[in-house]
Amino acid sequence: MAILEVKNLTKDFGGLRAVDNVTFRVEQGEIFGLIGPNGSGKTTIFNCINNYYPVTSGNVIFKGKDITGWKTHKVCHLGIGRTFQVVKPLSRMTVLDNVTASAFCRSGTIREAQSEARKMLDFCSLLDQKDKLAKSLPVGGRKRLEIARALATKPELILLDETAAGLNPSELTGAINLIKKIREKGITVLIVEHIMKVIMTISDRIHAINFGQTIAEGTPSEVANNPGVIKAYLGEAYAQGERY
Amino acid sequence: MKKNILYALAGIIFLGFPLVVRSDYYQHLLILALLWVIIGSAWNLLAGYTGQVSFGHAMFFGIGAYTAGILAAKFQVSAWWGMLFGGFLAMLIGLFVGWVCFRLRGPYFALATLAGGEIFRLIATNWESLTEGMVGILIIQSFRSKLPYYYIVLALAFLCVYVIHVVMKSKWGYYFVSIREDQDAAESMGINTALYKNISLLISSFFTGMAGAFYMNYMAFIDPHVVFSLHYISIMAILVGIVGGVATITGPAVGAFIMVGLQETFRSAFFGLAPRWTSQAHALVFGLLVIFVILFLSNGIVGDWPKIKRNILRIGLSR
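Residues numbered from 1 in each chain as written. Chains lettered and ligands numbered in written order. Predicted model: local features only at pLDDT ≥ 70, side-chain atom pairs only at ≥ 80, totals over all residues.

Undergrad: Mind showing me how you'd approach the overall build of chain A here?
TA: Check the secondary structure of chain A and you find 10 helices and 10 strands. Over its C-alpha atoms, taken along the principal directions, chain A stretches across nearly 60 × 40 × 35 Å. A burial count over chain A gives 44% of its 244 residues as buried. Looking at chain A alone, contacts between residues at least 24 apart form 63% of all its contacts between residues at least 6 apart. (Helix = DSSP H or I, 4+ residues; strand = E, 2+ residues; numbered from the N terminus. Buried ≥ 20, exposed ≤ 12 C-beta atoms within 10 Å, placed from the backbone. Contact = placed C-beta atoms within 7 Å.)

What follows is the structure, given as structure tokens:
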């Protein structure tokens, strides 16, 4: 069953059409990748899914329910968690408090929320830093904090927006493993990513967009060999098959 | 442990103060300071903890004051009922103000609340049939001695600080600070930011309104120029919060005593010891103090207390 359906999603910012009639389905339990050059509309699609931006037209259907236009916090309560591309740590709160605030989505008391928060911090390898202020974390820690916060809301679908950007090779392996662990928990993952090593190795299916429009969808190898994708990412020369 | 002893000591001092210090003048100063503990703490909840910096808290103060005043002057009801109704009316107005202003953020929210305060001042000035306009409202004081007033405002101040303390330790506290730190992240974490901003505003406006009603009862005279004043009320609340320490529980309380003390020191020209022109200097000194605090002690005196201790030690050691 498709856990998420995005149908004919269109988003305009005044005269600029950032997302143009994009449609895709995400099946429960899969890792679904969204790729495209910078500015192609990937993050805008995410923002439309949880109504951070209101959609211009089209529908977002989650577990069979049309959630287009639902308030962002209600979308979260329904079971969609998200991280932001430019991380948004709650800087002057501790790491533990960051995730506790998030855990209140599902927990009633402070004790429950904190215990849930600790579990998520442990899952994301941040437990030893729980009392540090969020602003003192380096970028790798901040990315994991974003994920821990989203996980604390016990989502069924998690939207990961470039969670591997800015990481060094060893941190990258850690990020890949974390995403795999998330899937093992039974959470469906919709991931936006540039780093080919990450998205090609872990995605079950990929949807490629450029200038807000779909250019390809399929398995990683199908998409990688698609001339439109090659042209968008690597330039015309590679698409024609020229070698350098 | 040390903190509890400090609080107990403070409690004893405050409870016993008017019995020991019999002077009307000093009792008045303490009452004013306690009034600012309430207004400053209430402002701090909305601005320091929830990040919605209001420049219009005079709105709520004035509404509380006029509720009490109008009840007494127009309806022949004791102005003390104003303490109850003033708080609730201020909350109601707060909801309306929130509905208008919370769609704005940061400096725009501040400007909108500033406008709100001024709008209410103008309404009170011009709606003479209700408020007596610039003539103001005069009532007869219930008590000759300042003692009852002192204990009432002390109780109110304690209640206000205690409620804010309890709220900040609860789930609401986490939510308020999350909204302050990053409203969009908070919304994506499942926090209904519109609801919680309004809850913070309700609590803040309630206590400010009650303070206003108390003021009517205590001073026995109000007019729009004073109780809806941008300068005397709204800005003073901000100064109290900033100097004492935004986003701390005891900060506004400390700030209240400092600011009232400073204000009185200058108004009285250092209690008569300095030349007369210094009585006009309090605005200048406030300005300089705020600049100093923002540059060096941005968490206020309470928030940056460790830093102050370190530097005092340093100055002492360098001899």
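Undergrad: Please explain the packing of helix α4 (residues 81-101) of chain B against helix α5 (residues 106-126) of chain B as it appears in this structure.
TA: Residue and element names in this part refer to chain B. Remark: α4 packs on α5, axes separated minimally by 10 Å, with the N-to-C direction vectors making an angle of 140°. As far as their axial angle goes, α5 and α4 are oblique. The hand of the α4/α5 crossing is right-handed. Facing V97, V100 and C101 of α4, the residues of α5 in contact are F109, A112, T113 and G116. (Axes fitted to C-alpha atoms, helices over the stretch in contact; angles between N-to-C directions. Parallel < 35°, antiparallel > 145°, perpendicular 65-115°, else oblique. Left-handed = near helix turned anticlockwise from the far one by under 90°.)

Undergrad: Please explain the interface of chain B and chain A as it appears in this structure.
TA: How big an interface is tends to be expressed through the accessible area that disappears when the partners come together. Tallying the contact residues gives 15 residues for chain B and 22 residues for chain A. Within the residue set of the side of chain B that touches chain A, elements represented by two or more residues are α8 (171-181) and α9 (183-188) of chain B. Among the elements that make up the side of chain B that touches chain A, the one with the highest residue count is α8 of chain B (six residues). In terms of residue class, the side of chain B that touches chain A is built from six nonpolar, four polar and five charged. (Nonpolar A, V, L, I, M, F, W, Y, C, P; charged D, E, K, R; others polar.)

Undergrad: What should I look at first to understand unusual backbone geometry in this one?
TA: As a rule of thumb, non-glycine residues mostly have phi less than zero, and peptide bonds are mostly trans rather than cis. You will see that E162 of chain A, though not glycine, has its phi angle at about 50°, which is positive. Structurally, E162 of chain A can be placed in the loop between β7 (157-161) and α6 (169-184). Overall, E162 of chain A belongs to the buried group, with 20 C-beta atoms counted inside 10 Å. Located in the positive-phi region is A247 of chain B, a residue other than glycine, with phi close to 60°. Mapping A247 of chain B onto the fold places it in the loop between α12 (230-244) and α13 (251-267). The exposure class assigned to A247 of chain B is buried, which follows from the 22 C-beta atoms found within 10 Å.

Undergrad: Any chance you could explain the sheet that holds strand β2 (residues 16-27) of chain A here in plain terms?
TA: All names here are of chain A. The strand order across the open sheet built from four strands is β2-β1-β4-β5, with neighbouring strands paired in antiparallel fashion. Each edge of the sheet is formed by a strand with only one pairing partner; in this case those strands are β2 and β5 (65-66). Two strands pair when backbone bridges link them, and strand β1 (residues 2-13) and strand β4 (residues 57-62) are joined in this way by five bridges, in the antiparallel orientation. Within the sheet, the bridge partner assigned to K7 lies in β4 and is N59. On top of the sheet, helix α1 (residues 42-49) reaches β1, β2 and β4; it is set at about 110° to β1, its chief contact. (Pairing = 2+ DSSP bridges.)

Undergrad: Sorry, what's going on with the nonpolar core here?
TA: The nonpolar side chains of a soluble globular protein tend to be buried, and buried together. If you look at the biggest cluster of nonpolar residues, it comprises 157 residues, and the most contacted ones within it are A148 and V189 of chain A together with L35, W36, I38 and F214 of chain B. If one sorts the elements of this core by residue count, helix α2 (residues 24-49) of chain B sits on top with 15 residues. Residues contacting I38 of chain B, with those up to four places away along its chain left out, are L156, A157, C160, F207 and A211 of chain B. (Core = buried A, V, L, I, M, F, W, Y, C linked by C-beta atoms within 7 Å.)

Undergrad: Is there a simple way to think about α8 of chain B in this case?
TA: An α-helix turns once every 3.6 residues. As a result, residues three or four positions apart point the same way. Burial runs high along α8 of chain B: nine of the 11 residues are buried. Of the positions making up α8 of chain B, those classed as buried are G173, Y174, Y175, F176, V177, S178, I179, R180 and E181 of chain B. For α8 of chain B, the elements touching its buried residues are α3 (95-103) of chain A together with α2, α7 (147-169), α9 and α10 (193-219) of chain B.

Undergrad: Can you walk me through the environment of C160 of chain B in this structure?
TA: Residues and elements named next belong to chain B. Tracing the chain through its elements places C160 in helix α7. For the pair formed by C160 and G56, sequence separation is 104 residues and the distance between their alpha carbons is 19 Å. Setting aside residues up to four positions removed in sequence, C160 forms contacts with I38, S41, A42 and F207.

Undergrad: Looking at this model, I keep getting lost on the packing of α2 of chain B against α13 of chain B. Mind explaining?
TA: When two helices pack together, their arrangement is given by the angle between the helix axes and by the axis-to-axis distance. Residue and element names in this part refer to chain B. Viewed as axis vectors pointing N to C, α2 and α13 meet at an angle of 135°, and their least axial separation amounts to 8 Å. In terms of orientation, α2 and α13 fall into the oblique class. The handedness of the crossing between α2 and α13 is right-handed. Of the residues in α13, those in contact with L29, L32, A33, W36, V37, G40, S41 and N44 of α2 are G251, P252, A253, G255, A256, F257, M259, V260 and E264. When the residues that make up the contact of α2 with α13 are grouped by side-chain class, the tally is 11 nonpolar, five polar and one charged.

Undergrad: Even after reading the chapter, I still don't get the sheet that holds strand β10 (residues 213-218) of chain A, so can you show me in this structure?
TA: Backbone hydrogen bonds are what pair the strands of a sheet, in a parallel or an antiparallel way. Residue and element names in this part refer to chain A. The strand order across the open sheet formed by six strands is β6-β7-β8-β3-β9-β10, and the pairing between neighbours is mixed. In the strand order of this sheet, the two ends are held by β6 (80-82) and β10, each with one partner. On average, each strand axis in the sheet is inclined to that of its neighbour by 15°, with strand direction left out of account. Note that strand β3 (residues 31-35) and strand β9 (residues 205-210) share four bridges and pair parallel. Bridging from a neighbouring strand, G33 pairs with I206 of β9. Its contacts with the sheet place α1 against β3, β6, β7, β8 (188-192) and β9, and it is angled at close to 150° to β7.

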